[in-house]
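Residues per chain, in single letters:
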Amino acid sequence: MLISSLRQPGNDIDVYLAPLIENLKLLWEEGVECFDGSREETFTLRALLLWTINDFPAYDNLSGYSVKGYFACPICGENTCSKRLEHGRKICYMGHRRFLPQAHRFRKQKKAFNGEAEHVRASKPLSDVMHIEKNVCESLIGTLLPSKTKDGENARLDMVAMGIRESLKLVSEEGKRTFLPAACYTLSRSEKKQFCSTLAGVKVPTGYSSNIKSLVQMKDLKLINLKSHDCHTLMQQLLPVAIRGVLPKEVRNTIIRLCYFFNSICSKIIDPSNLQQLQDEVVVTLCLLEKYFPPAFFDVMVHLTVHLPREIKFCGPVWLRWMYSMERYMKILKGYVRNRHRPEGCIIECYITEEAVEFCSEYLANAQTIGVPKGIEERIESRSGFEVIPTDYKTLCEAHYYVLQNTTVVDPYMSRPENTISQQIRWLAHEPKRKVLSYSGYGIGGYYYNTSDHDSRSTTQNSGVIV
């Protein structure tokens, strides 16, 4: 839907969606008469809107449910456990002990949580996993590193007001400035340097992620310009590796448990019988986070992780409905804009022009498609160059023997002789050439592999990769 206006409607977009709702009601209740060209007959067409894909703030605009305030969780509703932080001036969403079994030991622990025992049982319960994962990752990185930190003077004052972690209260000395005592999640400068150096030295296969090294600022010891997929890569694989040896064991294991949870729910294949176990694991993980991290850490996006196994149970695997493809296409549409004063017209003109040219190119021989990236095989074919290496006779014999020992067509001849010899066996019987062609890369099955010498000059690593 393109809304022609000098200003975007913002929170009033539901007014523009009203005609769409009327059309959907018409298509579902009465239907529309349509013509079937293959059968040459008319039929009644009905339509149903199953779900929408959007981030959490857009959920407010589309549904009219407020995702801010004390009842921001659309699943918990009025049972949302929230508290306004007096000094931080924000609302935190804690109280995840409600989701634990009634006899769990965390329910009786007071000092480690909010100073009270938990006796309330949560009611048995669609959010976008991509944005939840991104926000949780940014909160973790912001707490461990100085950028956008969740731990400050106001956070410490809020903990004192709640009566928890008295050892972390502000320390003021006469005539000197106030400083924050180190918490269990506080990294020293050497630990921050080790954490950032680990990420800066990471090399991943081509196409796995962006260049992680470009996101690390070693001078300021922080991460910058993190995109959604960068946060996904960190939470899935890199963050558990980077925090090894730089945090206390209990805090490190809690973060690794959270990363393992996101890795499990993002798998392409999920066993439905394991969903309850995932639900129990994420509840315990959030309770452990409440024991170690400040209350300001727990915004509504952190709270929504407790409902993700429920959504998988109802809607299926996460990768079938997350927003990466939508965001990539939005980037394409944003690239169409040439006049910022009329972005809608630019998008329409470029889209129609590209569609027309693409349609015409199908009738032209040897025409290059527009906007469609080349496959890995085409990119490999465009790379020319090889090296002729003379090889000694002993090495050639060893290579020839290895091929014969690991080829299935030779197996019958190893046990007993055959009367007939196939053409393939005749070719294998010949010795290889003395001059070997050496390439720096090889592509097979959609994957591209390089030599170690080639990878030493590249930002990616495609040598020694196990698929």
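Residues numbered from 1 in each chain as written. Predicted model: local features only at pLDDT ≥ 70, side-chain atom pairs only at ≥ 80, totals over all residues. Heavy atoms only, no water.

1. Things to note about the overall build of the protein
- A count of helices and strands for the protein gives 17 helices and ten strands.
- The 467 residues of the protein split such that 34% are buried.
- Accessible surface, the protein as shown: approximately 30,000 Å² in total, 54% of it carbon and sulfur. (Helix = DSSP H or I, 4+ residues; strand = E, 2+ residues; numbered from the N terminus. Buried < 20%, exposed > 50% of the residue type's maximum accessible area, 1.4 Å probe, protein only. Areas by Shrake-Rupley, 256 points an atom, 1.4 Å probe, with all protein chains shown as cover.)

2. Brief notes about the packing of aromatic side chains
- This structure, assessed with the given rule, holds six aromatic pairs.
- Measuring from centroid to centroid gives 5.2 Å for Phe297 and Phe298, while their planes differ by 85°, and the two rings are edge-to-face. Here the two residues Phe297 and Phe298 agree in accessibility, since each one is buried.
- Considering the side-chain rings of Trp322 and Tyr324, the 4.9 Å spacing of their centres and the 85° angle between planes classify their relative orientation as edge-to-face. (Phe/Tyr/Trp six-rings, centres within 6.5 Å; stacked < 30°, edge-to-face > 60°.)

3. Examining the pattern of salt bridges
- Per the stated rule, a full pass over the model turns up six salt bridges.
- A salt bridge links Arg457 to Asp453, with the shortest nitrogen-to-oxygen separation between them at 2.9 Å. There is no split in this pair, since Arg457 and Asp453 are both exposed. (Salt bridge = Lys/Arg side-chain N within 4 Å of Asp/Glu carboxyl O.)

4. Some remarks on the packing of helix α6 (residues 228-242) against helix α11 (residues 324-335)
- At a closest axis distance of 11 Å, the pairing of α6 and α11 adopts a crossing angle of 150°. Here α6 lies roughly antiparallel to α11, going by the angle between them. The segment α6 lies against α11, with Ser228, His229 and His232 engaging Tyr324, Glu327 and Arg328. (Axes fitted to C-alpha atoms, helices over the stretch in contact; angles between N-to-C directions. Parallel < 35°, antiparallel > 145°, perpendicular 65-115°, else oblique. Contact = heavy atoms within 4.5 Å.)

5. Some thoughts on a nonpolar patch on the surface
- On the surface, a nonpolar cluster with roughly 470 Å² of combined accessible area is contributed by Tyr329, Ile332, Ile348, Tyr351 and Ile352.
- Breaking the nonpolar patch down by element, the ones donating at least two residues are α11 and α12 (343-361).
- It is α12 that provides the largest number of residues to the nonpolar patch, a total of three residues.
- Its place among the elements puts Ile332 in helix α11.
- Given the relative accessible area of 42%, Ile332 is considered partly exposed. (Patch = residues over 30% accessible without salt bridge, like charges linked within 9 Å, V, L, I, M, F, W, Y side chains within 5 Å.)

6. Some remarks on helix α3 (residues 129-144)
- With 16 residues, α3 ought to run about 22 Å at 1.5 Å a step, and its terminal C-alpha atoms sit 22 Å apart, in line with that.
- Burial analysis of α3 places 14 of its 16 residues in the buried class, which makes it a mostly covered element. (Expected span 1.5 Å × (residues − 1).)

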